[in-house]
Protein chains: 2
Amino acid sequence: MLIVQKYGGTSMGGCERIENVAQRVIQALDHHKCGLVVVVSAMSGQTDTLLEYAHFFSSLPNTREVDMLLSSGERVSSALLAIALESKGIKAISLSGRGAGIITENTHTKARIKYIDTNHIQKLLQEGYVVVVAGFQGISEEGEVTTLGRGGSDLSAVALAGALHADLCEIYTDVDGIYTTDPRIESKAKKIDKISYDEMLELASMGAKVLLNRSVELAKKLKVKLVSRSSFSASEGTLITDEEDIMEKPIVSGVALDKNQARVSIADVLDRPGIAAEIFSTLAEANINVDMIVQTIGRDGKTDIDFTIPQTEVELAKKVLECFKNDVQSIEYDCDIAKVSIVGVGMKSHSGVASIAFKAMAKENINIMMIATSEIKISMIVNIKYAELAVRTLHDVYALDK
Amino acid sequence: MLIVQKYGGTSMGGCERIENVAQRVIQALDHHKCGLVVVVSAMSGQTDTLLEYAHFFSSLPNTREVDMLLSSGERVSSALLAIALESKGIKAISLSGRGAGIITENTHTKARIKYIDTNHIQKLLQEGYVVVVAGFQGISEEGEVTTLGRGGSDLSAVALAGALHADLCEIYTDVDGIYTTDPRIESKAKKIDKISYDEMLELASMGAKVLLNRSVELAKKLKVKLVSRSSFSASEGTLITDEEDIMEKPIVSGVALDKNQARVSIADVLDRPGIAAEIFSTLAEANINVDMIVQTIGRDGKTDIDFTIPQTEVELAKKVLECFKNDVQSIEYDCDIAKVSIVGVGMKSHSGVASIAFKAMAKENINIMMIATSEIKISMIVNIKYAELAVRTLHDVYALDK
């Protein structure tokens, strides 16, 4: 049996916490009698400090050098954990991204993993070592140090678990796992025991603090069973796995809230062929991520288009959409909205899920401004003042606290 | 033309100082129109902080992991200097010990350099890069990260200068160069412009803060011209080179003082064959470094032996010499002594150098307790209360302030 564990920056934040991680590793060894690969992030704050140094000299520091700089943070934490384990009599060895055979593209600060040469790690595991791997980093085929971008250590862990055919990949943070909704909004929110990759991806806005979609997508592709759990508690955490591994498929697994959306309403668009395509390709060229799109059927040769974009990109959108001002009656931007979504694989086989949501919202007098659905998700745009109420209402109507 | 520069931890201590180093590098480029390899230490304090972390877990942390840990300090400072240079429009690139091709023995925390594969650096220099090398580190032939021990970055610089046949190796610290004696003792002490390797080695106690003997010895072996200078002033520094490169050979170049000596006086040693050898081999086995030895010719089958050892090893010496108590009348230990030395290559061809010293000391009523001479050095043991007076007297009598 082989387990890959990953400890984030908060878990590694200081010597006492690294000591705690060492204890966790020893518990896992005692409990599972298994091979262990432990991927670590830099001690919390380290990466920011190093970036501050770099920005002292340049607002756009050379990315090759930034990678050389940042990769040192995980080298430090991995060596410290190996020292901590050794001091407790555990045979342990730290490896840099290079040592772990993590080969990436030659794109600095956001390289993608091409493949992992597991020979060295396999050998060390056979020799009985706990292998501690510096996360977030790799090397290009030219031998240059690269880093994997935000959430990079999670990616290192998932990719290693895939390449080593590990039985489990445990991602340790300071959060117990995935909840049915944000417990700060709904105190009755419950930790989910099992959830499918696809549900997890749709709950991204909820899980972002815990797991980035990049890692979940990779886990899904490589069929790596993920566990999201806390390094500060004994709680079992949440298993994120293939839908087929989940016996009881809940109709609704969770309620997600995203307050970083803005609605763009374009009224009376001339209904000439291709105009919608022009608008959206203009936005795409400006790298503006369009989420929900609703187009009403046109009358009198005109049509209305509503869509949502991240709030942070509203100013940019205003600029690039300026060129359409003669083709439309008006373009309005509304930042006072929130997106509330219910997610569940059970929706595929159950009808009437949406109508329960709409009725519950209506009962609370919450006006739904836009609706978008996918196979396992229903998203609704509401006025931001109703955001929390909407979350609690939906959490309640689907009995997620039971 | 090629110059290797090395900047120590104080010179690299913080972003402002790294900015200053970048300016220095640019000045050198402007002035010499030469190729430049810049070796850097970790930012001051970094190595100590990392060691403290390691010692949190263990008083004897695994040395392989310590090397992984410590080597990160120079990776950080080298990347930052490269970023600083790039931001000023200088083509620069940082290399780890591995990148620089520094191959060492596989002995952690104090590896010796075996050879340097200069291919990669040569290529980068030809492409017009300023090559910034992380000092203090290398890799073993097995690919493991190693460090070179105390003064390791100086060694990296000297070894690189030798392997690259550099014209000069400049060692930057916070000191202007080598002085005729410690300016804190004799304010008339003068900076020396040129000094031979051998004199530098004999002045070690004076130069220890500036250059370790390990580096000077390597420079001598590789025929690397060393310059000791300050990164905080425009002063020219001191050139340390082959004796043959020095036209005017001064009779006395400098006066050194060592207060970390203790005298051991063994009285009435039974003059049986081999007893002196037994005493000194016993000390050697205990790793006690014996410096000056004076043995008086025996009378009545007995002899007196006086020698000096580092003060820090007196307690150990007492323990290991205990076994000789029946062979000798007494063993006395005197820590209130100092070693004053005059050093100069000119002594080889001048007679009467010693007698000038002895006369000057006598005139000041300084009793000389022991004397030892080599081709280019005369060392005298005096009571510690006369240490500074002796230094000033000798500095004066050889007119070193002129």
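Calculation criteria
- Residues numbered from 1 in each chain as written.
- Chains lettered and ligands numbered in written order.
- Predicted model: local features only at pLDDT ≥ 70, side-chain atom pairs only at ≥ 80, totals over all residues.
- Heavy atoms only, no water.
- UniProt positions renumbered as here; feature names shortened; annotations may be inferred.
- Helix = DSSP H or I, 4+ residues; strand = E, 2+ residues; numbered from the N terminus.
- Rg over C-alpha atoms; globule rule 2.2 N^0.38 Å.
- Buried < 20%, exposed > 50% of the residue type's maximum accessible area, 1.4 Å probe, protein only.
- Contact = heavy atoms within 4.5 Å.
- Areas by Shrake-Rupley, 256 points an atom, 1.4 Å probe, with all protein chains shown as cover.
- Lys, Arg positive; Asp, Glu negative; His and termini not counted.
- Charge placed at Lys NZ, Arg CZ, Asp CG, Glu CD.
- Axes fitted to C-alpha atoms, helices over the stretch in contact; angles between N-to-C directions.
- Parallel < 35°, antiparallel > 145°, perpendicular 65-115°, else oblique.
- Left-handed = near helix turned anticlockwise from the far one by under 90°.
- Salt bridge = Lys/Arg side-chain N within 4 Å of Asp/Glu carboxyl O.
- pLDDT = per-residue confidence, 0-100.
- Pairing = 2+ DSSP bridges.
- Least-squares fit on C-alpha atoms with pLDDT ≥ 70 in both.
- Buried area = accessible area lost by both parts, 1.4 Å probe.
- Polar contact = N/O pair within 3.5 Å; in protein donor to acceptor, adjacent residues only side chain to side chain.
- Nonpolar A, V, L, I, M, F, W, Y, C, P; charged D, E, K, R; others polar.
- Expected span 1.5 Å × (residues − 1).
- Phe/Tyr/Trp six-rings, centres within 6.5 Å; stacked < 30°, edge-to-face > 60°.

Identification of chain A as Aspartokinase from Helicobacter equorum is taken from an unreviewed UniProt entry. Of the comments in the UniProt record for chain A, the one headed Sequence similarities (unreviewed entry) reads "Belongs to the aspartokinase family." Of chain A, the UniProt comment under Catalytic activity (unreviewed entry) reads exactly: "L-aspartate + ATP = 4-phospho-L-aspartate + ADP".

**Q** How should I be thinking about the overall build of chain A in this particular structure?
**A** From N to C terminus, chain A includes 12 helices and 20 strands. The C-alpha radius of gyration of chain A comes to 24 Å, within 12% of the 21 Å expected for a compact globule of 402 residues. Considering only C-alpha atoms, chain A reaches an extent of 80 × 50 × 30 Å along its principal axes. Considering chain A as a whole, with its 402 residues, one finds that 54% of them fall into the buried category. Expressed as a percentage of contacts within chain A between residues at least 6 apart in sequence, the contacts between residues at least 24 apart total 75%. Of the roughly 17500 Å² that chain A leaves accessible, carbon and sulfur atoms contribute 48%. Here chain A holds 43 positive side-chain charges and 54 negative ones, and the gap between their average locations is 3 Å.

**Q** Please explain the packing of helix α2 (residues 46–57) of chain A against helix α1 (residues 15–32) of chain B as it appears in this structure.
**A** Close contact between α2 of chain A and α1 of chain B brings their axes to 10 Å; oriented N to C, the two are set at 45°. One way to sum up the angle between α2 of chain A and α1 of chain B is to call them oblique. Between α2 of chain A and α1 of chain B the crossing geometry is right-handed. Judged by residue contacts, Tyr 53, Phe 56 and Phe 57 of chain A of α2 of chain A engage Cys 15, Glu 16, Ile 18 and Glu 19 of chain B from α1 of chain B.

**Q** Help me understand the UniProt feature "binding site: ATP" (unreviewed entry) in chain A in this model?
**A** Residue and element names in this part refer to chain A. Summarizing the sequence annotation, UniProt attributes the feature "binding site: ATP" (unreviewed entry) to Lys 6, Tyr 7, Gly 8, Gly 9, Thr 173, Asp 174, Tyr 179, Arg 184, Lys 209 and Val 210 in the numbering used throughout. Along the chain, Gly 9 turns up in the loop between β1 (2–7) and α1 (15–32). When its relative accessible area of 17% is taken as the criterion, Gly 9 is described as buried. Leave out the neighbours within four places in its chain, and Gly 9 touches Ser 41, Ala 42, Met 43 and Ser 44.

**Q** Would you mind going over the pattern of salt bridges with me for this structure?
**A** When their charged atoms lie close together, side chains carrying opposite charge are able to pair. Residues and elements named next belong to chain A. Under the criterion given, the structure shown has 38 salt bridges over all chains. Note that Arg 64 is salt-bridged to Glu 65, the shortest N-O span being 2.8 Å. Each of the two residues, Arg 64 as well as Glu 65, counts as buried. A salt bridge links Lys 318 to Glu 315; the nearest nitrogen and oxygen atoms lie 3.6 Å apart. Of this pair, Lys 318 and Glu 315 both sit in helix α10 (residues 314–321), 3 residues apart, roughly one helical turn. Assessed through its relative accessible area of 36%, Lys 318 is described here as partly exposed.

**Q** It is not clear to me how the confidence of the model for chain A should be interpreted in this structure. Could you clarify?
**A** Low-pLDDT stretches of the model should not have their predicted coordinates read in fine detail. In this model, chain A carries an average pLDDT of 93, and 98% of its residues clear a pLDDT of 70 or more. Interface predicted TM-score (ipTM) for the complex: 0.86; the corresponding pTM is 0.88.

**Q** Just to check I follow, could you spell out the sheet that holds strand β8 (residues 145–147) of chain B for this structure?
**A** What holds strands together in a sheet is hydrogen bonding between their backbones, with the strands either parallel or antiparallel. Residue and element names in this part refer to chain B. The strand order β5-β4-β7-β8 describes an open sheet built from 4 strands, whose pairing is mixed. If you trace the sheet from one side to the other, it starts and ends with β5 (113–116) and β8, each paired once. When the angles between neighbouring strand axes are averaged without regard to direction, this sheet yields 45°. Helix-sheet contacts for helix α3 (residues 63–87) involve β7 (137–140) and β8, and the interaxial angle to β8 is about 80°.

**Q** I tried to follow the relation of the copies chain B and chain A on my own but got confused; where do I start?
**A** Note: a rotation about an axis with an accompanying shift along it relates these two copies of the chain. When chain B is brought onto chain A, the operation consists of a screw motion whose angular component is 180° and whose axial shift is 0.1 Å, with 0.2 Å RMSD remaining. Both copies of the chain, as the preceding transformation shows, are related through a two-fold rotation axis. Taking C-alpha positions as the reference, the residue of chain B nearest the rotation axis is Ser 72 of chain B, at 2.5 Å. Residue by residue, 100% of the interface of chain B is reproduced at the interface of chain A, so both copies engage with the same surface.

**Q** Before we go on, may I ask you to explain the interface of chain B and chain A in this structure?
**A** Of the residues lining the interface, 36 residues belong to chain B; the matching set on chain A comes to 36 residues. Between chain B and chain A, roughly 3100 Å² of surface is buried when both sides are summed, and carbon and sulfur atoms account for 71% of that area. Contact with chain A buries surface across chain B, with Phe 57, Arg 75 and Ile 83 of chain B losing the most and accounting together for 23% of the total. The interface formed by chain B and chain A holds 0 salt bridges in total. On the surface where chain B and chain A come into contact, there are 8 residue pairs in polar contact (both at pLDDT 80 or more). Listing elements by their share of the side of chain B that touches chain A, those giving two or more residues are α1, α2 (46–57), α3 and β3 (92–95) of chain B. Grouping the amino acids of the side of chain B that touches chain A by side-chain chemistry returns 22 nonpolar, 7 polar and 7 charged.

**Q** Mind showing me how you'd approach α3 of chain B here?
**A** It helps to recall that an α-helix has 3.6 residues per turn; residues three or four apart then point in one direction. Residue and element names in this part refer to chain B. With 25 residues, α3 extends 37 Å from end C-alpha to end C-alpha; this agrees with the ideal 36 Å at 1.5 Å per step. For α3, a buried count of 22 out of 25 residues is recorded, marking the element as mostly surrounded by other parts of the structure. Near the N-terminus of α3, the side chain that reaches the backbone nitrogen of Arg 64, with its oxygen 3.0 Å away, is that of Asn 62. Within two residues after α3, Gly 89 carries a phi angle of roughly 80°, on the positive side.

**Q** Honestly, the pairing of strand β14 (residues 261–270) of chain A in this entry has me stumped. Any pointers?
**A** Successive residues of a regular strand alternate their side chains across the two faces of the sheet. Residues and elements named next belong to chain A. The buried fraction of β14 is high, at 7 of 10 residues. One ladder, built from 8 bridges, connects β14 with strand β16 (residues 302–310); its direction is antiparallel. Of the residues in β16, the one forming a bridge with Val 269 is Thr 303. As paired strands, β14 and strand β17 (residues 330–334) are joined by 5 bridges and run antiparallel to one another. Across the sheet, Val 264 pairs through a bridge with Tyr 333, a residue of β17.

**Q** I would appreciate a short explanation of the packing of aromatic side chains in the present structure.
**A** Aromatic ring pairs: the centre-centre distance and the angle between the two ring planes describe each pair. Residue and element names in this part refer to chain A. Scanning all chains against the criterion turns up 6 aromatic pairs over all chains. Here the aromatic rings of Tyr 7 and Tyr 172 are separated by 4.4 Å at their centres, their planes lie at 15°, and the arrangement is stacked. Taken together, the positions of Tyr 7 in strand β1 and Tyr 172 in strand β9 (residues 168–173) put the pair 165 residues apart, joining distant regions of the chain. Take Tyr 7: its relative accessible area is 0%, and that puts it in the buried class. On the basis of relative accessible area, Tyr 172 is assigned to the buried category, the value being 3%.

**Q** In this structure, what is going on with the sheet that holds strand β19 (residues 368–374) of chain A? I would like to understand it.
**A** Residues and elements named next belong to chain A. In spatial order, the strands read β13-β18-β20-β19; together these 4 strands make up an open sheet with antiparallel pairing. With partners counted over all chains shown, the strands left at the sheet margins are β13 (254–258) and β19, one partner each. Strand-to-strand, the axes of this sheet are offset by a mean angle of 20°, without reference to chain direction. Two strands pair when backbone bridges link them, and β13 and strand β18 (residues 337–343) are joined in this way by 5 bridges, in the antiparallel orientation. For Asp 258, the partnering residue across the bridge sits in β18 and is Lys 339. Sheet strands in contact with helix α12 (residues 387–397) are β13, β18 and β20 (377–383), and its direction is about 15° off that of β18.

**Q** Explain unusual backbone geometry to me, please; I cannot follow it from the model alone.
**A** Excluding glycine, a negative phi dihedral is what most residues carry, and trans is how most peptide bonds are arranged. Residues and elements named next belong to chain A. Not every positive phi belongs to a glycine, and Thr 109 is a case in point at roughly 65°. Mapped onto the secondary structure, Thr 109 falls in the loop between β4 (102–104) and β5 (113–116). Residues other than glycine seldom take positive phi values, yet Asn 365 does so here, at roughly 60°. Residue placement: Asn 365 occurs in the loop between α11 (353–363) and β19. Take Asn 365: its relative accessible area is 63%, and that puts it in the exposed class.

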